[in-house]
Amino acid sequence: MSSDQDPECPCPVDGDTGQQEMVSTKKSAVLVDGVILNGPTTDAKAGEKFVEEACRLILEEVVLKATDVNEKVCEWQPPEQLKQLLDLEMRDTGEPHHRLLELCRDVIRYSVKTNHPRFFNQLYAGLDYYSLVARFMTEALNPSVYTYEVSPVFLLVEEAVLKKMIEFIGWKEGDGIFNPGGSVSNMYAMNLARYKYCPDIKEKGLSGLPRLILFTSAECHYSMKKAASFLGIGTENICFVETDGRGKMIPEELEKQIRQARKQGAAPFLVCATSGTTVLGAFDPLDEIADVCERHGLWLHVDASWGGSALMSRKHRRLLHGIHRADSVAWNPHKMLMAGIQCCALLVKDKSGLLKKCYSAKASYLFQQDKFYDVSYDTGDKSIQCSRRADAFKFWMTWKALGTLGLEERVNRALALSRYLVEEIKKREGFKLLMEPEYANICFWYIPPSLREMKEGPEFWEKLNLVAPAIKERMMKKGSLMLGFQPHRGKVNFFRQVVISPQVSREDMDFLLDEIDLLGRDM
């Protein structure tokens, strides 16, 4: 230090900047309720390293193994044992990063690999790389899609995707919103139809209303019951219309039930048709149902959560012939189009703002009308949610990557593989189709050798009912594949195989039948 330097002077000398900054920080420390408020308390460098190592683990153990048929579909453990293996307890003090990475590895190990080529258990499967990257981005950015000011990109993306989906339905214009699941989309549609029928319900509630009644297929999704219960309509006010042998709603039965309901003093307000039923993959005759709805002035909603993706295919869109006559449509791109759970849209033909009128609460702290930009882009008031995920972005990224033709090919290939499997089932001894499928749902029984010579009487069906659950247990404990089973409308347990993922090959179809035979031939 020079002789003329004031020893009390805070100015740094000889590169002592860092030390001096520390001293200054300590001197200006602010203490509130015993907490020092200076600077961030998070160790950013350590956090960044953890993210980097965790992403490497995800890449190695999930993404790179996604198409490897030598990997197990699942590592089955009973619930109590899995609780011990995962170390689920949350403690007073945090755990080191190496331990957290071990936990991440365990979570991956014991989770079902829904991206595996031999996962056929649900109406979603496979890994779309572009959707995955989109999900990484939205998780990192953590947006909430309600106002343009906080989510400008994702609101515009949602608008573009909804517009394109509306075009594929066949409407010239329309409205819509992405929701957390097709069940929620169906509930939105039910409430919207009721609001259109009696707008006063939004403010005055249910008192004084006539007995409202709705009509849907006996094969409809169970969310219709949940929606009627949740909205106060009541499950007893759902008329389940009989279906034909293929699971399609019979329009003449619908007409009959509507007339009967009116004679009894009820007030019909909604018909819900299904395009792609959950079990059989049936498509209701939309044109004929729309004729009935027009005659009676009823809102027509189409639950196309599963089957809507056939609209992308020029070859298969005939399955939804007449969908352009619907007032609303539920469509889940996270199913056949693999946009990643969850990615579900409610599309509405009305362009007068009915969706916003029905759901708007005009929260003044979010939807101010005197903002400096066009507030018509603040679309969050059309939703019953406040915080809302940027689900449309996943579908948009996949669509940008593959193009419309690529999405069409994805649908065509899945249905071609389904047709291949059907023909193989017909050739093989011990396999029996419930019916010829028209979509990607292939329903069949496996009949073990011990039952093949038995007459199809009560004893036969009683024994066959036990076969699918037993084979399912064996396949899961082995980890070789996953396939759903269920009884359905008087038919004993059968397998339902669904083809979705483009990673699935003809060899996987052959393996499926070989493995079922291997696991069940001794029963």
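Residues numbered from 1 in each chain as written. Predicted model: local features only at pLDDT ≥ 70, side-chain atom pairs only at ≥ 80, totals over all residues. Heavy atoms only, no water.

A. Representation of the overall build of the protein in the model. Broken down by element type, the protein carries 16 helices and 14 strands. Oriented by its inertia axes, the alpha-carbon framework of the protein measures out at about 110 × 60 × 45 Å. Looking at the protein as a whole, 50% of its 523 residues qualify as buried. If you take every contact in the protein between residues at least 6 apart in sequence, the share linking residues at least 24 apart comes to 71%. If you sum the accessible surface of the protein, you get close to 26500 Å²; carbon and sulfur atoms cover 54% of it. Looking at the protein, you have 68 positive and 72 negative side-chain charges, and the mean spots of the two groups are 7 Å apart. (Helix = DSSP H or I, 4+ residues; strand = E, 2+ residues; numbered from the N terminus. Buried < 20%, exposed > 50% of the residue type's maximum accessible area, 1.4 Å probe, protein only. Contact = heavy atoms within 4.5 Å. Areas by Shrake-Rupley, 256 points an atom, 1.4 Å probe, with all protein chains shown as cover. Lys, Arg positive; Asp, Glu negative; His and termini not counted. Charge placed at Lys NZ, Arg CZ, Asp CG, Glu CD.)

B. Looking closely at the sheet that holds strand E11 (residues 431-433). If you trace the 5 strands from one edge of the open sheet to the other, you get E3-E13-E14-E12-E11, paired in mixed fashion. Either end of the sheet is taken by a strand with one partner, and the two such strands are strand E3 (119-120) and E11. Against the sheet, helix H16 (residues 506-520) contacts E3, E11, strand E12 (441-446), strand E13 (482-488) and strand E14 (491-498), and its axis sits at roughly 25° relative to E12. (Pairing = 2+ DSSP bridges. Axes fitted to C-alpha atoms, helices over the stretch in contact; angles between N-to-C directions.)

C. Examining helix H4 (residues 97-110) more closely. With 14 residues, H4 extends 20 Å between its outermost C-alpha atoms, agreeing within 8% with the 20 Å of an ideal straight helix rising 1.5 Å per residue. Residues of H4 that are buried: Arg99, Leu101, Leu103, Asp106, Ile108 and Tyr110. Along its buried surface, H4 packs onto helix H2 (44-63) and helix H3 (79-86). (Expected span 1.5 Å × (residues − 1).)

D. How the structure looks around a nonpolar patch on the surface. Taken together, the side chains of Val30, Val32, Val35 and Leu37 present a nonpolar region at the surface, about 320 Å² in accessible area. Its location among the elements puts valine 32 in strand E1 (residues 31-32). Judged by relative accessible area, which is 39%, valine 32 ranks as partly exposed. (Patch = residues over 30% accessible without salt bridge, like charges linked within 9 Å, V, L, I, M, F, W, Y side chains within 5 Å. Salt bridge = Lys/Arg side-chain N within 4 Å of Asp/Glu carboxyl O.)

E. Representation of the domain arrangement of the protein within the structure. Domain annotation of the protein identifies domain 1 (45-141 + 392-522) and domain 2 (144-389). Computed from C-alpha atoms alone, the centre-to-centre distance between domain 1 and domain 2 is 29 Å. The largest contributions to the domain 1 side of the interface with domain 2 come from Phe395, Glu438 and Tyr439, which together make up 20% of the buried area. Counting across the domain 1 and domain 2 interface gives 5 salt bridges. Between glutamate 438 and lysine 248 there is a salt bridge, and its shortest N-O distance comes to 2.8 Å. Taken together, the connections running from domain 1 to domain 2 amount to 19 residue pairs in polar contact (both at pLDDT 80 or more). Every element with two or more residues in the side of domain 1 that touches domain 2 is listed here: helix H5 (129-141), helix H13 (392-427), E12, E13 and E14. Top element by residues in the side of domain 1 that touches domain 2 is H13. It accounts for 16 residues. (Domains from an automatic or database assignment. Buried area = accessible area lost by both parts, 1.4 Å probe. Polar contact = N/O pair within 3.5 Å; in protein donor to acceptor, adjacent residues only side chain to side chain.)

F. Representation of the sheet that holds strand E4 (residues 175-179). A sheet is described by the order of its strands in space; here 7 strands give the open sequence E4-E10-E9-E8-E7-E5-E6, paired in mixed fashion. The sheet terminates laterally at E4 and strand E6 (238-241), the two strands that pair on one side only. Mean inter-strand twist for the sheet, computed between neighbouring axes without regard to direction, equals 20°. As judged from the 5 bridges shared by strand E5 (residues 212-217) and strand E7 (residues 267-274), these two strands associate in the parallel manner. Residue leucine 214 lies in a different strand from E7, and its bridge partner there is leucine 270. Most of the contacts of helix H6 (residues 152-169) go to E4, to which it runs at about 115°, and overall it touches E4, strand E9 (328-331) and strand E10 (344-348).

G. Fine view of the state of the cysteines. Across all of its chains, the model carries 0 disulfides by this definition. Cysteine cysteine 220 remains unbridged, with the sulfur of cysteine 272 as its closest cysteine sulfur at 6.7 Å. Overall, cysteine 220 belongs to the buried group, its relative accessible area being 15%. (Disulfide = S-S within 2.5 Å.)

H. Main features of the environment of asparagine 121. Following the sequence through the fold, asparagine 121 ends up in the loop between E3 and H5. Look at asparagine 121 and you get buried, because its relative accessible area is 10%. Spatially, the C-alpha atoms of asparagine 121 and phenylalanine 485 are 8.4 Å apart, while their sequence positions differ by 364 residues. When near neighbours in sequence (up to four residues on either side) are disregarded, asparagine 121 contacts Lys472, Met482, Leu483, Gly484 and Arg496. Engagement of the side chain of asparagine 121 in a polar contact is seen with the side chain of glutamine 122, the distance being 2.5 Å.

I. Focus on the environment of leucine 451. Turning to its location among the elements, leucine 451 is positioned in the loop between E12 and helix H14 (458-464). Once the C-alpha coordinates of leucine 451 and glycine 484 are considered, the two residues, 33 residues apart in sequence, prove to be 22 Å apart. When neighbours within four sequence positions are excluded, leucine 451 is seen to be in contact with Phe460, Lys463, Leu464 and Val467.

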